[in-house]
Amino acid sequence: MLRCNQYLRLIGLAMLFCLLSMMPARGDMSISATSSLDTFSIDLEGIHLKLEKLEARWQLSPFGDSKMLVDKVRAKRLIITVNNSTKKTGNSGLPERIKLPFPISIRQAEVAELLVINGETTRTFSKVKFELDADTKSIHLSQLNAGTPWGEAAISLKMETTEPFALSGVASIKQTVHSMPYDVKAKLSGDLNSLQFESTMMLAKLDGKFSLYQDGENKASPAALISAKGKVGLSDNYQILMNASITELRPERLGNYPAAKLNIDTTLEGQLSPEANIELQFATHDSQWQNQTLTGSGKLQLVGTSNQTPKIRNIDFQVALANNNIKANGSLGKTDSRIAWQADFPDLGKLGSDYAGTARAEGTLAVSYTHLDVYKRQLKWLTASKLQ
């Protein structure tokens, strides 16, 4: 959703530049007109904007502020091409100020199709609609809605017109046809160099599917509360840092799973571009599995691009249920990937009433995303039995 929000904020600015290109000189009299353009292009640093089939109906206010009132503006297509080769490290590419000749208010704006081209990747957004108010101090983008590859997105944003362009707002995204539907919202703050976000959502099983929905909606008995807070850089390598917590996870509310109470804290840190390189760490606290104390911690590294299957490296985790332990380390995603594991279960009875005895084992898993082969390097069962 973060990259979606970055794309959406370009729409309002692009439409604003296009409208300014059709504005008459400032005057004291009221002027009304209908304007149209077949195509309009503009180059910003690292970004090329092209509008096709633009139509607008506007008037200049007769009052002293000479405010431009736009009743309706519509474009058939907006193409945003990102040229990464011209981007300089450490340079945000932002102007010092967005200069408007006079205030502007757009009551209804629509872009039928938006294309964002970044290298070999093209993202398509449809039915982009928004309202906008802007003056020399701030730009207020409200009721922006768009169809995106991730669902229906909406955003409301207020931004200052001077660098670093401080902003605040709310963004949401909703997907109802996915195998895991979601309807979540995030608070936004920061500026056009670094964006902070904060979100709280509920996990539940609705209509037979795992679902995420906004905190406060009484759709079903929640299985867990999920909260996330972090920041992402909007330049260079898009550095990201996020802390997330899963609170009071109850697996039995998601299906035919054993009763448990899980609390998990996670930290995600790394870069998103040009190749994702992210480290994920997790740790449990105050957790139980079938009335037995559960503890666990671990970390792994995610590497890859949007066009590749991600590789999982440096896996290292350990989980303990009462005095039973399992550990693993290794990697996934390559033909030579291996995960080494060790299990020490001195009391299998802690796993449930159907089990008793002790077990110890170790081995190696050779794993790819298309098949799973298990190579037993060494397997030693001391004693193990299942009660009938």
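This text follows the structure it describes.
Residues numbered from 1 in each chain as written. Predicted model: local features only at pLDDT ≥ 70, side-chain atom pairs only at ≥ 80, totals over all residues. Heavy atoms only, no water.

Observations concerning the overall build of the chain
Here comes step 1: Helix and strand content of the chain: one helix and 24 strands.
Here comes step 2: Of all intrachain contacts in the chain linking residues separated by at least 6 positions in sequence, the fraction that spans at least 24 positions is 48%.
Here comes step 3: Surface exposure of the chain reaches about 21000 Å², of which carbon and sulfur atoms provide 50%. (Helix = DSSP H or I, 4+ residues; strand = E, 2+ residues; numbered from the N terminus. Contact = heavy atoms within 4.5 Å. Areas by Shrake-Rupley, 256 points an atom, 1.4 Å probe, with all protein chains shown as cover.)

Section: the pattern of salt bridges
Here comes step 1: With the rule as written, the count across this model stands at eight salt bridges.
Here comes step 2: We note a salt bridge from Arg107 to Asp71, for which the minimum N-O separation is 2.9 Å. A residue pair is termed long-range when its members are at least 10 positions apart, and Arg107 in strand β4 (residues 104–118) and Asp71 in strand β3 (residues 68–82) qualify at 36 residues.
Here comes step 3: Residue classification places Asp71 among the partly exposed positions, given a relative accessible area of 26%.
Here comes step 4: For the salt bridge of Lys350 with Asp347, the shortest nitrogen-to-oxygen distance reads 3.6 Å.
Here comes step 5: On the accessibility criterion, Lys350 (25% relative accessible area) is partly exposed.
Here comes step 6: Within the structure, one salt-bridge network assembled from shared partners comprises Lys50, Glu52, Arg77 and Glu113. (Salt bridge = Lys/Arg side-chain N within 4 Å of Asp/Glu carboxyl O. Buried < 20%, exposed > 50% of the residue type's maximum accessible area, 1.4 Å probe, protein only.)

What about the environment of Gln214?
Here comes step 1: Within the secondary structure, Gln214 is located in strand β11 (residues 209–214).
Here comes step 2: Residue classification places Gln214 among the buried residues on the basis of a relative accessible area of 16%.
Here comes step 3: Measuring from C-alpha to C-alpha, the distance between Gln214 and Leu203 comes to 9.2 Å, with 11 residues separating the pair along the chain.
Here comes step 4: The contact partners of Gln214, leaving out residues within four places of it in the chain, are Asp183, Val184, Lys185, Thr200 and Met202.

Focus on the environment of Pro258
Here comes step 1: With respect to the helices, strands and loops of the structure, Pro258 is situated in the loop between β13 (239–249) and β14 (260–271).
Here comes step 2: For Pro258, a relative accessible area of 29% puts it in the partly exposed group.
Here comes step 3: Along the backbone, Pro258 and Gly352 are 94 residues apart, and their C-alpha atoms lie at a distance of 9.3 Å.
Here comes step 4: In this structure Pro258 touches Pro251, Glu252, Trp289 and Gln290, once residues within four positions along its chain are discounted.

Overview of the packing of aromatic side chains
What describes a pair of aromatic rings is the distance from one ring centre to the other and the angle between the planes of the rings.
Here comes step 1: Within this structure, the stated rule accounts for one aromatic pair.
Here comes step 2: Seen from their ring centres, Phe125 and Trp150 are 6.2 Å apart, and the 50 degrees between their planes marks the pair as tilted. Linking Phe125 in strand β5 (residues 121–134) with Trp150 in the loop between β6 (138–148) and β7 (151–160), this pair joins segments that are 25 residues apart in sequence.
Here comes step 3: The class of Phe125 is buried, set by a relative accessible area of 0%. (Phe/Tyr/Trp six-rings, centres within 6.5 Å; stacked < 30°, edge-to-face > 60°.)

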